[in-house]
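Topology and contacts: notes
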Amino acid sequence: MEETNELVEQRFKKLDDLRSLGIDPYSGRFCPEAHAEDLKSKFESASRETLEAEEFHTSVAGRIIAMRDFGKASFAHIQDATGKIQIYLKKDALGEKYALVKKLDIGDIIGVSGKVFRTKTNELTVGVKDLVLLSKSLRPLPEKWHGLKDIEIRYRQRYVDLIVNPEVKDIFAKRSAIIKSIREFLEAKGFIEVETPMMHQIPGGAAARPFKTHHNALSIDLYLRVAPELYLKRLLVGGYERVFELNKNFRNEGISTKHNPEFTMLEFYMAYKDYNFLMSFTEEILSFVAHKVLGTLKVPYGDEVIDLAPPWPRVPMLDALKQKGVPDAAITDPEKAMEWARSKKLDIPTGSSHTKVLDEIFKEFVEPELVQPTFITDYPVELSPLAKRKAGSPELVERFELFIAAREVANAFSELNDPIDQRERFMKQVEAKQEGDEEAHWMDEDFVRALEYGMPPAAGEGIGIDRLVMLLTNSQSIRDIVLFPQLKPEQ
């Protein structure tokens, strides 16, 4: 720390020296003509002799990431948004401005103009004729500028992470491409993109604990949305048949490698479709995105290779439990289910419903085994208060969750459009909340009223964008694919 403080003091001294020389260390008056990778691409096949004969001049700007001083000349590499390029700074060419070179540090942002040439080692270089300091860096880059390894600092100081770890920029470029390709796919299928409120009087659309705030002018409490579902289905009532929203959701839950309290979801709804259609549609959209962004459907993830080529297995939830050794008696009898769970050392609160016990067993013994894409279908009604009952099995609903790499990536169902059934299920959720379930759904009278006007049969789905990006960038933590993840306050 003392060494860092000393280096910072040295840079502040250089800052004062520059100002005493009449040099503005934050001038901002420079417009580069080219980027590093553009120049490399343009002159990829140009020889030293060709560049010497053509006298090609350009200007570039970027951050100094390496510098070698040879007295009356210096070589440096500057890095811009596309990559890095070498520059050659010579006293004979710069004249009095060469004094500025002696005040430069790693991390400074400069603009240069000059002639493009190749060195004896054949590296493309800009021979600098003019130099402008655009931003003086007052803090040294970490670890002698060879990379930032401390995970905590990388997440907390993402701006430094992006400077010194180029592969991090690639991850977020892929994230942007993933979202762009999703929009492209859905718009080609006749969907329109909409925006719904982020502050709700009634938090609904998912079983989650909300963040609470207060609106002073209206003197009411509001909640950051946990899901946009109920608003998007109101639009189906209103006559739209295909809508989607790429949205930020907020859930007041734990933080882990799979969870960030602020996260991005894709939700889309289609009138006159059901969950069986959506399974095929999901295969289509995810394989489209993978091929568009990666050029392949075989995706490396950790020690596995995930094969996204359709079709993917479809397994009813209760069958999946049986396949993992859960006895039939436990699946049909609440007491047997609790006995079996506790025999496996699961910590399940006394009084938990049969369905909740089976859900905990599923999370512990089934979910970790779902590495390749798998649809788990036909959930109990209690777990799905917004889904349509399954014909012939009214204790189940037409719902699926898609699991890839042992985590849920998508959740979808045939939408419940019976207002009477919906009201009854909301009431059961209210009872659960009164008994202490902080994640239970709230009663939403306006949504029930909307259903009473009539909503067409429909299917809806949510896909976790963050988890999809994790998969397609081979990232093991959600913090690696969120630019500014939520962290504990800095000490």
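Our subject in this report is the structure included herewith. Because the structure is predicted, anything quoted here is derived from the model rather than measured. Per chain, residues are indexed from 1 in the order of the written sequence. Residue-level local features of this predicted model are given only where pLDDT is at least 70; pairs of side-chain atoms are given and counted only at 80 or more, and the full residue set underlies all totals for whole chains, interfaces and linings. With hydrogens and water set aside, each side-chain value is computed from the structure's full complement of heavy atoms.

1. Details of unusual backbone geometry
What counts here: Under the DSSP-based scheme used, a helix requires at least four consecutive residues in state H or I and a strand at least two consecutive residues in state E, with every element numbered from the N terminus. Remark: exposure states derive from per-residue accessible area (1.4 Å probe, protein chains only) relative to the maximum for the residue type, with buried under 20%, exposed over 50%, and partly exposed in between.
That bond from Pro310 to Pro311 is cis: its omega, 0°, falls within 30 degrees of zero. As for its position among the elements, Pro311 is in the loop between strand S13 (304-307) and strand S14 (314-316). Residue Asp378 is not a glycine yet carries a positive backbone phi of 60°. Mapped onto the fold, Asp378 is located in strand S15 (residues 374-380). By relative accessible area, which is 8% here, Asp378 ends up buried. The phi torsion at Asn474 lies on the positive side, around 55°, for a residue other than glycine. By the element assignment, Asn474 lies in the segment after helix H17 (465-472). Under the relative-accessibility criterion, Asn474 is labelled partly exposed at 35%.

2. Structural notes on the sheet that holds strand S1 (residues 57-69)
Heads up, the rule is: Only strands that DSSP links by at least two bridges are regarded as paired with each other. In this description, a line fitted to the C-alpha atoms serves as the axis of each element, helices being fitted only across the stretch in contact, and the angle between N-to-C directions of two axes falls anywhere from 0 to 180 degrees.
One closed barrel accounts for five strands, arranged S1-S2-S3-S5-S4; its pairing is mixed. Each strand axis lies, on average, 55° off the axis of its neighbour in the sheet, ignoring direction. Two strands pair when backbone bridges link them, and S1 and strand S4 (residues 109-118) are joined in this way by seven bridges, in the antiparallel orientation. Considered in S4, the bridge of Ser59 is made with Ser113.

3. Regarding the packing of aromatic side chains
Rules: To pair, rings of Phe, Tyr and Trp, with the six-membered ring standing in for Trp, must have centres within 6.5 Å; the planes then decide the type, stacked if under 30 degrees apart, edge-to-face if over 60, and tilted in the middle.
Counting across every chain of the model gives 16 aromatic pairs. Ring centres of Phe268 and Phe281 lie 5.6 Å apart, and the angle between their planes is 55°; on these two criteria the pair is classed as tilted. With a gap of 13 residues between them, Phe268 in strand S11 (residues 262-271) and Phe281 in helix H10 (residues 275-294) connect regions that are remote in the sequence. A single burial state applies to Phe268 and to Phe281, both of which are buried. Relative to Phe400, the ring of Phe375 lies with its centre 5.0 Å away and its plane at 80°, an arrangement referred to as edge-to-face. Remark: Phe400 occurs in strand S17 (residues 393-404) and Phe375 occurs in strand S15; sequence separation between them is 25 residues. A residue is classified by how much of its surface remains accessible, and Phe375, at 0% relative accessible area, is buried. Using a relative accessible area of 0% as the deciding quantity, one classes Phe400 as buried.

4. What to know about the nonpolar core
Which entries qualify depends on this criterion: Residues belong to one nonpolar core when they are buried, are Ala, Val, Leu, Ile, Met, Phe, Trp, Tyr or Cys, and are joined through side-chain atoms within 4.5 Å. Between two residues, a contact is recorded if the distance between any of their heavy atoms is within 4.5 Å.
Formed by 44 residues in total, the largest nonpolar core has its most connected members in Ile182, Leu186, Leu266, Phe268, Ile285, Ile404 and Leu472. The greatest single-element share of this core, amounting to eight residues, is contributed by H10. If near-sequence neighbours (up to four positions away) are discounted, Ile404 is found in contact with Leu286, Ile306, Leu308, Leu370, Val371, Pro373, Val409 and Leu471. Among the nonpolar cores identified, the runner-up in size contains 41 residues, and Val194, Ile331, Ala341 and Val397 belong to it.

5. Observations concerning the environment of Val366
Counting through the fold element by element, Val366 comes out in helix H14 (residues 354-366). Setting aside anything within four residues of it in sequence, one finds Val366 in contact with Ala320, Leu321, Lys324 and Ile361.

6. Some words on the packing of helix H8 (residues 166-188) against H10
What counts, and what does not: Relative orientations are named as follows: roughly parallel for angles under 35 degrees, roughly antiparallel for angles over 145 degrees, roughly perpendicular for angles from 65 to 115 degrees, and oblique for any other angle. Here a crossing is called left-handed whenever its near helix is offset anticlockwise from the far helix by less than a right angle, and right-handed whenever the offset is clockwise. Gly falls in the polar group here, along with every residue not listed as nonpolar (Ala, Val, Leu, Ile, Met, Phe, Trp, Tyr, Cys, Pro) or charged (Asp, Glu, Lys, Arg).
One way to put it is that H8 packs onto H10 with a least axis distance of 9 Å and a crossing angle of 135°. The angle between H8 and H10 places the two elements in the oblique class. In this structure, the crossing between H8 and H10 has a hand that is right-handed. Side by side, H8 and H10 meet where Lys174, Ala177, Ile178, Ser181, Ile182, Glu184, Phe185 and Leu186 of the first sit next to Phe281, Glu284, Ile285, Phe288, Val289, Lys292, Val293 and Leu294 of the second. Grouping the constituent residues of the contact of H8 with H10 by class yields eleven nonpolar, one polar and four charged.

7. Section: H14
Applied cut-off: By this rule, a helix spans an expected 1.5 Å times one less than how many residues it contains.
End to end, H14 covers 17 Å across 13 residues, agreeing with the expected 18 Å (1.5 Å per residue, within 8%). Looking at H14, one finds that the buried residues are His354, Thr355, Val357, Leu358, Asp359, Ile361, Phe362 and Val366.

8. As for empty space enclosed by the protein
This is how the line gets drawn: Both cavities and pockets are sets of points on a 1 Å grid over the protein atoms alone; in a cavity a 1.4 Å probe fits but cannot get out, in a pocket the set is open with protein on both sides within 12 Å along at least five of seven lines, and lining residues sit with an atom within 4 Å of a point. Grid points are joined across faces, edges and corners, and a volume is the space filled by probe spheres set on the points.
Applying the stated criterion to the full structure yields one cavity of 30 Å³ or more. By volume, the largest cavity is sized at about 30 Å³. Every residue lining the largest cavity is listed: His200, Ile202, Pro203, Gly204, Ala227, Leu230, Tyr231, Arg234 and Asp444. Residue contributions to the lining of the largest cavity peak at three residues, all from helix H9 (residues 229-237). A class-by-class count of the residues in the lining of the largest cavity yields five nonpolar, two polar and two charged.

9. Some remarks on H17
Burial analysis of H17 places eight of its eight residues in the buried class, the great majority of the element. Within H17, the full set of buried residues consists of Ile465, Asp466, Arg467, Leu468, Val469, Met470, Leu471 and Leu472. Just downstream of H17, Asn474 is the residue with a positive phi angle, here 55°.

10. Comments concerning the pattern of salt bridges
To be explicit about the condition: Throughout this description, the term salt bridge denotes a Lys or Arg side-chain nitrogen within 4 Å of a carboxyl oxygen of Asp or Glu.
Enumeration over the complete set of coordinates arrives at 33 salt bridges. Between Arg175 and Asp466 there is a salt bridge, and its shortest N-O distance comes to 2.9 Å. Here Asp466 lies in helix H17 and Arg175 lies in helix H8, a separation of 291 residues in the sequence. Among the salt bridges present, the one from Glu229 reaches Lys233, with a minimum N-O distance of 2.9 Å. Of this pair, Glu229 and Lys233 both sit in helix H9, four residues apart, which is roughly one turn of that helix. When sorted by exposure, Glu229 lands in the same class as Lys233, which is buried.

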